[in-house]
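What follows is each chain in one-letter form.
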Amino acid sequence: MDGYSKADLINVMYGKTSVNRKDVKALVDLFIEELKASIVSQGTVELRGFGTFQTRVRKGRQNARNPRTGEPISVEPHRIVVFKPGRNLKQKVWPL
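Everything in this summary refers to the structure shown in the same document. (Residues numbered from 1 in each chain as written. Predicted model: local features only at pLDDT ≥ 70, side-chain atom pairs only at ≥ 80, totals over all residues. Heavy atoms only, no water.)

Considering the overall build of the protein chain
Within the protein chain, the secondary structure is distributed over three helices and five strands. Going from N to C terminus, the protein chain has its helices and strands arranged as α-α-β-β-β-β-β-α. What you see for the protein chain is a C-alpha radius of gyration of 18 Å, clearly larger than the 12 Å of a compact globule of 96 residues, by over 25%. Seen along its three principal axes, the alpha-carbon backbone of the protein chain occupies a region of about 55 × 35 × 30 Å. Out of the 96 residues belonging to the protein chain, those deemed buried represent 15%. Residue pairs at least 24 apart in sequence account for 30% of intrachain contacts in the protein chain once pairs closer than 6 positions are excluded. In the structure as shown, the protein chain presents an accessible area of about 8,400 Å², 55% of it carried by carbon and sulfur atoms. The protein chain carries 18 positive and 9 negative side-chain charges, and their two centres are separated by 8 Å. (Helix = DSSP H or I, 4+ residues; strand = E, 2+ residues; numbered from the N terminus. Rg over C-alpha atoms; globule rule 2.2 N^0.38 Å. Buried < 20%, exposed > 50% of the residue type's maximum accessible area, 1.4 Å probe, protein only. Contact = heavy atoms within 4.5 Å. Areas by Shrake-Rupley, 256 points an atom, 1.4 Å probe, with all protein chains shown as cover. Lys, Arg positive; Asp, Glu negative; His and termini not counted. Charge placed at Lys NZ, Arg CZ, Asp CG, Glu CD.)

So, the packing of helix 1 (residues 6–16) against helix 2 (residues 21–42)
A pair of packed helices is captured by two measures, namely the crossing angle of their axes and the spacing between those axes. Where helix 1 contacts helix 2, the two axes come as close as 9 Å, and the packing angle between them is 130 degrees. What the angle tells us is that helix 1 and helix 2 run oblique. When the axes of helix 1 and helix 2 are compared, the crossing they make is right-handed. For the pair formed by helix 1 and helix 2, the contact residues are Lys6, Leu9, Ile10, Asn11, Met13 and Tyr14 on the first element and Arg21, Val24, Lys25, Val28, Asp29 and Ile32 on the second. Across the contact of helix 1 with helix 2, the residue classes tally to seven nonpolar, one polar and four charged. (Axes fitted to C-alpha atoms, helices over the stretch in contact; angles between N-to-C directions. Parallel < 35°, antiparallel > 145°, perpendicular 65-115°, else oblique. Left-handed = near helix turned anticlockwise from the far one by under 90°. Nonpolar A, V, L, I, M, F, W, Y, C, P; charged D, E, K, R; others polar.)

Set out below in structure tokens:
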């Protein structure tokens, strides 16, 4: 899998601060847990300059298919988490 992992983030933060690796890991874990708890309880978390995490309801379907077996299944309505990047992040990722 390509990409940037939590371990990569911890290593970069460790290299840029004078905080020990164990404390950096604890802070990253605490931030992620707090972010998850806030999304669950509030439904929306806005990080200015970065973006917004929101929960939305995805409607159910009667004629969905199991991707492994091809067997027809029904999917109940359920909540999903979506991320909408902020303007600053969009400008850095998708320059005009």
